Structures are given as structure tokens and as C-alpha cells.
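Secondary and tertiary structure notes
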Amino acid sequence: MAETPRTSDVDVAVIGGGPAGLAAALGAKRAGAGRVLVLERDRTLGGILNQCVHDGFGLFLYKETISGPEYAERLAENALREGVAVETGAMVLDLGPDRLLRVNARGGYSLVRAGAVVLAMGCRERTRDMIGIPGTRPAGIYTAGSAQRLVNLQNLRVGNEAVILGSGDIGLIMARRLTFEGVRVKGVFEIMPWANGLERNIRQCLMDFGIPLELRTTVVEIRGRDRVESVVTAEVDDRLAPVAGTETVVPCDTLLLSVGLVPENELSKRAGVELSPLTGGAVVDETLMTSVPGVFSCGNVLHIHDVADWASFEGFAAGERAARYAAGERPAGRTVRVSAGPEVRYALPQTARAGAAGVEWSFRAVRPLRDVRVEVRGRDSGRIYARRKFGRILPSELQKIRVRAAVDEDLEVGLHD
Amino acid sequence: MTDRPAVDRLTCVLCPVGCELEVARTAAGGVAVAGNRCDKGVSFAEEEVLRPKRNLATSVPAKGTAARMVSVRLSAPVPREMIFPVLAEIGKLRPEAPVRRGQVLIADVLGTGADVLATRTVRGQT
């Protein structure tokens, strides 16, 4: 006999209880939503912050620098105090039409009907498979984040001599963390001509400990039968192809991969949310609403952030808009499209309602540049809606520009001399 | 020999803006700073060039709890050369749950003036 699954109705359902999701729930509550529910698949709230024990979080949200677990606890405490409902151990299996969520919860299979949904599922790390390193398949190869989890949350030692491929922030943080644990970090290798992590991490995690950073260099082979015995590095040319004759064998028993993050949008795809090939996340309008009405997106599932605080700020905004949608507010009118112009990888939001004013765009540079202006230009009129100077701009740093005026034509966000 | 002071280029790490500073040592033993977008840049450069300090974070296993690790950091940065001595002190810790966020696990570690703080709450076993 089929039983009717437990069904609950909420105003706003938030999928994911990390820095973006918790902020979204708070944003929804503060905007007047009645019942706000966070669904978190892990046993605890906080998401990836729980394993980020280093400090440097909270500078923008809390005006002081704290560690990831503290940031997570404070945000979670605020959410609970302000009346947000939370279910941990609750995995959302499907997001169907009319915002019906199918959830595998602690109490069994259940359904949640939501007035609005906020996607805040975060991201995953790119793996060896995704970058195709040839060689054997021994033990000792980790993504940087999984090594971080093993070291910080499970007290496990991942190896004795490590090589790190990729200069993303998690890889840099782990170079220092492994050094603290007595692991010898033999070098960080980066295929691009520039480092991918924040400058402060290069200085505090590598330079402080004399760990070399080799640019334009990658790992072309992994050797070892049961355990990694060495990796082969090689320099690359301008097309990022390995240069024959530059191979170096680096003995090590551990390889950490810090080669990029991918928004985790499996649920979004099932729900029919249009995704951007440039960000890997949803295409959103200036309210952070996706192509599916009533479904909003924020944080790393929308686009990769380098600072948790900014994922939270995006969460507050998405939550507020979700609350307004749940209360019956429906944006109306023509939309304009926003595209990435010269030297810009992407600009987000990708659309905006004509007449919207005060919209802030996030963007990333394609490569490091000096003395440039970012301009938001009207594609037809050539009018400059906003302009900001940068002495220096890096692809690793997500940047923002606000347009105060109302927008009423297609726009382009570009970098100009 | 030149009477122009050597210039050290460094990135201010007090916030993710990361201003590129040009720091020149002055004859008086201080520093002259350019490139800072706020006042913090000057004191940062002085400290970073003349007496670098670092905070540090790690985690230690707790006694008597299912959540096995307590993450910790320092209440204030310590001289960079104190990183490994302080880590050795932290390595001896086996805090007993319950531990609350902000709890001082070692006061004034090695006379640095900085406390070792728990950065997460670990409930006792029930």
C-alpha cells in the first residue's frame, strides 16, 4: 500500500545551508516571508565553511576576520534566532513543476511545496578526469578540498611529500596546511602565466614557507603502481601544450588538484533552469531569478566566488527577492540582455528588466590587466551607464560595478584602455 | 652605492582588495608607502616589512565527542617566526567537550600575548 508522503507548505525553500543558503533564508525572513525552510543534506549547517579553518572570512559581513567555522556558526545562529526552519540530513532529490521538492529527509521521503525556491547548492571541484592527466591510477591523488576535509575534519594525514597542481585558493591554503602538518610541499604548478589564487594567499601560504610556484607548468604524467611515486611536470607553450624536452620528474607520494570549481547544478537541470556555458550556473535576471519563475539562485551554484562574504550578500539579495515573489510580486515588462565585452569572461546577471535602476553587475577579467576601465555600455546607443577604473585587475578576483541609472537597452560589460 | 632606498613591492593582505604597495625603507629605519587605497596600508607595510606577523589556524582532536575535531586559531597574529613553536603547543591540546566557540584553550601562548581560541562549538556526548 502506498502511503501519502509527508507534505509541507513553505513560503521560501532554500536548497543548501552554506554561506549563500543561510543568508538567503535570512534575507527571505527579513523581507517578511512567513515560513522559510533550509534543506541541508549534510548533518550540520555551514557547508564548505566547516572545513575552512583558516581565517580571512567575515571581513565584509562581520567587519572582522574570522575562520570558516565561526562564520558558519554565526550565520546559522542568526538564521535560527530569526525563525528560519532548518532540516539537516535532508537531500533534495528533485525540483519539479510548481516548485514541488522531493526530499529524502531524516524522517523518510517527503514533499515540500514552496512559494519560491532559492538554489544554493554550492559547487564541486574539478577532478583528474576532467583535466585528463595521463599515467597510472595509484592512491595519493586528491582534490585539494577533499584533502582539506580529511586533514581538518577527520585528522588524517594525506601523505609525506606533496605536489600541488593548480594555484586556486584551496590549493594554496592546503600548501600551508600540509606544511603545518609536517608534509613537505615540493611545489605548486600552474598552467597559466598567472596565479589563480588571491595575492594574500600566495604570500602567506607559499612565500612564507619557501614553497615554489611554477607558472606555465603542468603535470603531464602520474607515476606509481599502488601509491604515487612521482609526477612528471613540463612547461607549456602559448597554446598551453606541453613543450617536449622540458619534462622534470618530481618524486612525491601525494598530488593535490586545485584546478577549478564547477557549480553543482544537477537539480537545476532537472528543473529546466537555463544554464550559462560561461559560468556553469543559472542565467538570472537582476532579481537573481532563473529562467524558471519563482526559482532563484545565489552563491557558488550561480557562479564561483572567491570570498564567502560575497556569496552571502548574493544570498541575502536572492532571499529577499524570493520572499517578494512568494508574496505575489511578479516582475513585469521587457527584458534587456547583458553580455560580456572585451577582456571580460562573463557578466552577471545576464538579463535585467527594462527600467531597473541600481543594478550591480559581477564580472571577471579574462586575464590580468593594468590601468583599465570597466564600462557598462549600451549596445545600441553607445551610452556609458557606469564606469570604474582599475589600476590592476586579476581573473582570480570577482569584481562588481553598479549602474545607478535605469537600464533600457541591451548592455555590454567590457574592459577598455 | 646609491642613496635611493630599496623598494619592496608587496600586496596588502588586510582585505581581499589586495592593494599593490611600494614600500621604501627610510634612512630613519621606517618605511615610506605608496599605492595604498586606505590608511591601513601604511601600518600593514610597516609591519610586513619590519616585523611580519601571522595568524594561524589548525584543528585538534577533542576528547569524548563524536565530532572529533575542534578547529582553532589565534586571537591575534604572532611574529612569523613563532608559527611553528605555537603549532607545537597547539599540537599538545586534547580539549574536552563540550567546547564552545571563542573558548580560550591556551591563554597567552608562549608569551606572545595571543590566545589560542576554539573556532567551533562541539557539544558534549549525551
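Above this text is the structure in question.
Description of the structure in this document. Note that the coordinates shown come from a computational prediction; the quantities given were computed from them, not determined experimentally.

Residue Pro-349 of chain A is bonded to the preceding Leu-348 of chain A through a cis peptide linkage, with omega at 5°. When you line up the elements, Pro-349 of chain A lands in the loop between β21 (344-348) and β22 (351-353). Of note, the amide linkage connecting Ala-97 of chain B to Pro-98 of chain B takes the cis form, showing an omega dihedral of 5°. Within the fold, Pro-98 of chain B resides in the loop between α2 (83-91) and β8 (104-106). The phi angle at Leu-240 of chain A is positive, at roughly 70°, despite the residue not being glycine. Among the structural elements, Leu-240 of chain A can be located in the loop between β15 (230-235) and β16 (248-251).

By a widely used convention, the size of an interface equals the accessible area lost when the partners come together. At the junction of the two partners, chain B supplies 30 residues and chain A supplies 32 residues. Interface area for chain B against chain A, summed over the two sides, is near 2,800 Å², with a carbon-plus-sulfur share of 50%. In this structure, the connection of chain B to chain A is made through eight salt bridges. Between Arg-54 of chain B and Asp-208 of chain A there is a salt bridge, with its nearest N and O atoms 2.4 Å apart.

Strands pair in a sheet through their backbones, by hydrogen bonds, and they do so in one of two ways: parallel or antiparallel. All names here are of chain A. Here five strands make up an open sheet; going across it, the order is β22-β20-β27-β24-β25 and the pairing mixed. Two strands lie at the open edges of the sheet, namely β22 and β25 (384-393), each paired on one side alone. Taken pair by pair, the neighbouring strands of this sheet meet at an average axis angle of 20°, ignoring direction.

This part is about the layout of surface pockets. Residue and element names in this part refer to chain A. Of the voids in this model, the second largest pocket is the one considered here, and its volume is about 510 Å³. Breaking the lining of the second largest pocket down by element, the ones donating at least two residues are α8 (308-326), β23 (359-365) and β26 (399-403). Ranked by residues supplied to the lining of the second largest pocket, first place goes to α8 with six residues. The class makeup of the residues in the lining of the second largest pocket is nine nonpolar, three polar and seven charged.

Right, let's talk about the pairing of strand β11 (residues 161-165) of chain A for a bit. Residue and element names in this part refer to chain A. Burial runs high along β11: four of the five residues are buried. The pairing of β11 with strand β12 (residues 184-189) spans five bridges and is classified as parallel. Bridging from a neighbouring strand, Leu-165 pairs with Phe-189 of β12. The handedness of the β11 to β12 crossover, carried by helix α5 (residues 169-180), is right-handed. Sheet topology places β11 next to strand β17 (residues 254-257); four bridges connect them, and they run parallel. When the sheet's bridge partners are listed, Val-163 is paired in β17 with Leu-255.

Here we take up the sheet that holds strand β13 (residues 213-214) of chain A. Residue and element names in this part refer to chain A. Strand order in the open sheet formed by five strands is β10-β17-β11-β12-β13, and the pairing between neighbours is parallel. With partners counted over all chains shown, the strands left at the sheet margins are β10 (141-143) and β13, one partner each. Note that β10 and β17 share three bridges and pair parallel. Counted as the bridge partner of Ile-141 is Leu-255 from β17. Packed onto the sheet, helix α4 (residues 144-154) meets β10 and β17 and runs at close to 95° relative to β10.

Criteria and cut-off values
- Residues numbered from 1 in each chain as written.
- Chains lettered and ligands numbered in written order.
- Predicted model: local features only at pLDDT ≥ 70, side-chain atom pairs only at ≥ 80, totals over all residues.
- Heavy atoms only, no water.
- Helix = DSSP H or I, 4+ residues; strand = E, 2+ residues; numbered from the N terminus.
- Contact = heavy atoms within 4.5 Å.
- Buried area = accessible area lost by both parts, 1.4 Å probe.
- Salt bridge = Lys/Arg side-chain N within 4 Å of Asp/Glu carboxyl O.
- Pairing = 2+ DSSP bridges.
- Axes fitted to C-alpha atoms, helices over the stretch in contact; angles between N-to-C directions.
- 1 Å grid on protein atoms, 1.4 Å probe; cavity = no way out; pocket = protein on both sides within 12 Å on 5 of 7 lines; lining within 4 Å.
- Points joined across faces, edges and corners; volume = space filled by probe spheres on them.
- Nonpolar A, V, L, I, M, F, W, Y, C, P; charged D, E, K, R; others polar.
- Buried < 20%, exposed > 50% of the residue type's maximum accessible area, 1.4 Å probe, protein only.
- Right-handed = clockwise from strand over helix to strand, strands pointing away.

By themselves, these figures tell us nothing about what the structure is for.
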